[in-house]
Amino acid sequence: MLTISNISCVRGHKPLFAPVSFSLKPAQALHLEGDNGIGKTSLLRIICGLSPADAGEVLWNGIALNRQHPEGVEAFRAALCYMGHNLSLKDELTAVENLMFDAQVAGQSLSYDKALDALQKMGLNNRAHLPLRVLSQGQKRRTALARLSVTDAKLWVLDEPFVALDAQSFDNLRALLANHVQQGGMLIYTSHQSVELSQSNGHAMNVLSVRLVAA
Amino acid sequence: MIWKAFWAVVRRDLLLARRRKSEGLSAVFFFVVVAALFPLGIGPELNVLRNIAPGVLWVGALLSSMLALQRLFEADYRDGTLEQMAMSPIAMPLLIGAKMLAHWLVSGLPLVLLAPVLGLQFDLSGDALVTLTLALLLGTPILSLVGGVGAALTLGVRGGGVLLSLLVLPLFVPVLVFGAGAVEAQVSGLGVQAHFSILMAMLLPAVFFGPLASAFALRIALE
């Protein structure tokens, strides 16, 4: 379980958003909303431990994520998959190579076949062996998103995952996210579009919504 | 699993270096050109050339490794790979150590291998060439490791290149003194044991602390 308690973030002597608290249990999804520049990305980076919070703390399974609890931090990192605006893809490597190296850096092992399979699911079957620099923006994003279907991370933190996707990939990603949540995963995402995640029985999934407001 | 991640990073960086050939080669070519210009400029005075050879080759190696250092973390910082490394359950210093090893293999090892060839232009004896190569073999990893800390500290700073040189070059002085000194000691028949011991004594802490300090600096740069 992920608990965010009273997180605030100061940029240039001014608090970005009013202190925010929420908690997320397995099989729950959370949609983080807010205007441009309100600090959605900053909050996600704080949750992931990339930036320090100016007040408040992030708890994973009841353990505060800070220097006093290195094992807690390690367990959290093993359960985390973050995708931000930077896709961490190398233009010189092919899509398959990118996917495989990324998995290894994240401490997971990924076979060649599984990597190909994941790219196929994102509709990149005939692009898997091209260097990334010849792919379009949307195809690059799809390559990065293919990471989600091979990771065994419990908690997905996605910053604007639906940007630059065509209708088909949009639906693919929606299904992927819904499936992850249904299987007991956790999901935090930001999006300016309204995205409906649906359960396998066709009903809309209950997605928590947190709106950041100015302090 | 941990070492698998380590070697994965090494392999990735080597693969990237192979696909961006010009980047890696330019620093090596710079070394060759600098070392080749000196004999041409100074003229065929063999005694003078023999005397300046260790210093010239070491300074050349130092400057060319400075050229390559600026790119050590730059691309990974911009495309978000460093963020992923910072969030990996694998300890970040290990992954950064892997990057430094790959960096040395691309930009340091070629200098070590080229040095004896370039040393011939300076009329160095066979023994002196062997000493020069061994000294560079011990010394160039220190340049990558200590330089990596500087590269991490100046990451994302405008005009970081100049700052990096100012920060790192003074730290390279001991390596230069004992590295070039080893060859001089060999030539004058004093024995090289002491110089190699001191280079080794600098290398070992650098192997341990370099990746640790860099990872720490990189986390700050990522904030």
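Right above here is the structure, for reference.
For every chain, the first residue of its written sequence is number 1, and the numbers climb from 1 along that sequence. For naming, the first written chain is A and the first written ligand is 1, with later ones following in the order written. It should be noted that, the model being predicted, local features are given only for residues of pLDDT at least 70 and side-chain atom pairs only at 80 or more, the latter also being counted only at that level, while totals for whole chains, interfaces and linings use all residues.

### Considering the sheet that holds strand E6 (residues 55–60) of chain A
Residue and element names in this part refer to chain A.
Okay, so step 1: DSSP bridges decide pairing: two strands pair if at least two such bridges lie between them. Strands here mean DSSP runs of E at least two residues long; helices mean DSSP runs of H or I at least four residues long; both are numbered from the N terminus. The 4 strands are arranged E4-E1-E6-E7 in an open sheet whose pairing can be described as antiparallel. Strands with a single pairing partner mark the edges of an open sheet, and in this sheet they are strand E4 (20–24) and strand E7 (63–64).
Okay, so step 2: The pairing of strand E1 (residues 2–8) with E6 spans 5 bridges and is antiparallel. Across the sheet, Leu2 pairs through a bridge with Trp60, a residue of E6.

### Things to note about the pairing of E6 of chain A
All names here are of chain A.
Okay, so step 1: Note: E6 against E7, 2 bridges, orientation antiparallel. Bridge pairing in E7 places Trp60 opposite Ile63.
Okay, so step 2: In sequence, E6 turns back onto E7 through a hairpin of 2 residues, with Asn61 there showing a positive phi of about 50°.

### Details of the packing of helix H2 (residues 21–42) of chain B against helix H7 (residues 109–120) of chain B
Residues and elements named next belong to chain B.
Okay, so step 1: For every element, the axis is a line fit to its C-alpha atoms; helices are fit only across the contacting stretch, and the angle between N-to-C directions ranges from 0 to 180 degrees. The interhelical angle for the contact between H2 and H7, taken along N-to-C directions, is 20°, at an axis separation of 11 Å. Taken together, the axes of H2 and H7 lie roughly parallel to each other. Taken as a pair, H2 and H7 cross one another with a handedness that is right-handed. Mapping the contact onto sequence places Val28, Phe31, Val32 and Ala35 in H2 and Pro110, Leu111, Leu114 and Leu118 in H7.
Okay, so step 2: For the contact of H2 with H7, the class distribution of residues is 8 nonpolar, no polar and no charged. Throughout this description, any angle smaller than 35 degrees is read as roughly parallel, any larger than 145 degrees as roughly antiparallel, any in the 65 to 115 degree range as roughly perpendicular, and the remainder as oblique. Throughout, a crossing is termed right-handed when the near helix is turned clockwise from the far one, and left-handed when it is turned anticlockwise from it by less than a right angle. Each residue is represented by a C-beta atom placed from its backbone, and any two residues with such atoms within 7 Å are regarded as in contact. Residue polarity is assigned by list, with Asp, Glu, Lys and Arg as charged and Ala, Val, Leu, Ile, Met, Phe, Trp, Tyr, Cys and Pro as nonpolar; anything else, Gly included, falls into the polar class.

### Some remarks on the packing of H2 of chain B against helix H3 (residues 46–69) of chain B
Residue and element names in this part refer to chain B.
Okay, so step 1: Viewed as axis vectors pointing N to C, H2 and H3 meet at an angle of 155°, and their least axial separation amounts to 9 Å. Considering their axes alone, H2 and H3 lie roughly antiparallel with respect to each other. Considering the relative orientation of H2 and H3, their crossing is right-handed. The residues of H3 that touch H2, namely those facing Ala27, Val28, Phe30, Phe31, Val34, Ala35, Phe38, Pro39 and Ile42, are Val48, Leu49, Ile52, Val56, Leu57, Gly60, Ala61, Leu63, Ser64, Leu67 and Ala68.
Okay, so step 2: Partitioned by chemical class, the residues of the contact of H2 with H3 number 18 nonpolar, 2 polar and no charged.

### Quick word on the interface of chain B and chain A
Okay, so step 1: Taken residue by residue, the interface counts 24 residues in chain B and 25 residues in chain A.
Okay, so step 2: With 8 residues, helix H1 (residues 2–19) of chain B is the single largest residue contributor to the side of chain B that touches chain A.
Okay, so step 3: Here the residues of the side of chain B that touches chain A are counted per class, giving 13 nonpolar, 4 polar and 7 charged.

### What about the sheet that holds strand E5 (residues 28–33) of chain A?
Residues and elements named next belong to chain A.
Okay, so step 1: Ordered in space as E8-E9-E10-E5-E11, the 5 strands form an open sheet in which the pairing is parallel. Of all the strands in the sheet, the pair left with one neighbour each is strand E8 (80–83) and strand E11 (207–211). The sheet shows a mean angle of 15° between the axes of neighbouring strands, direction not considered.
Okay, so step 2: Set on the sheet, helix H6 (residues 167–182) makes contact with E5, strand E9 (155–158) and strand E10 (186–190); between it and E10 the angle comes to about 145°.

### Quick look at H7 of chain B
All names here are of chain B.
Okay, so step 1: For the exposure call, what matters is how many other C-beta atoms sit within 10 Å of a residue's own: 20 or more marks it buried, 12 or fewer exposed, and in between partly exposed, using C-beta atoms placed from the backbone. The set of residues buried in H7 consists of Leu111, Val112, Ala115, Leu118 and Gly119. Seen end-on, H7 carries its buried residues on one side only, within an arc spanning 125°. Turned more than 90 degrees away from the buried face of H7, the exposed residues are Val117 and Leu120. This arc is taken over the directions from the axis of the helix to the C-beta atoms.

### Details of unusual backbone geometry
For residues other than glycine, phi is negative in most cases, and the peptide bonds are mostly trans.
Residue and element names in this part refer to chain A.
Okay, so step 1: You will see that His13, though not glycine, has its phi angle at about 65°, which is positive.
Okay, so step 2: Exposure remark for His13: the 5 C-beta atoms within 10 Å place this residue in the exposed category.
Okay, so step 3: Of note in this structure, Glu160 is not a glycine but carries a positive phi near 50°.
Okay, so step 4: Tracing the sequence through the fold places Glu160 in the loop between E9 and H6.

From the geometry alone we can't say anything about function, so treat these as descriptive.
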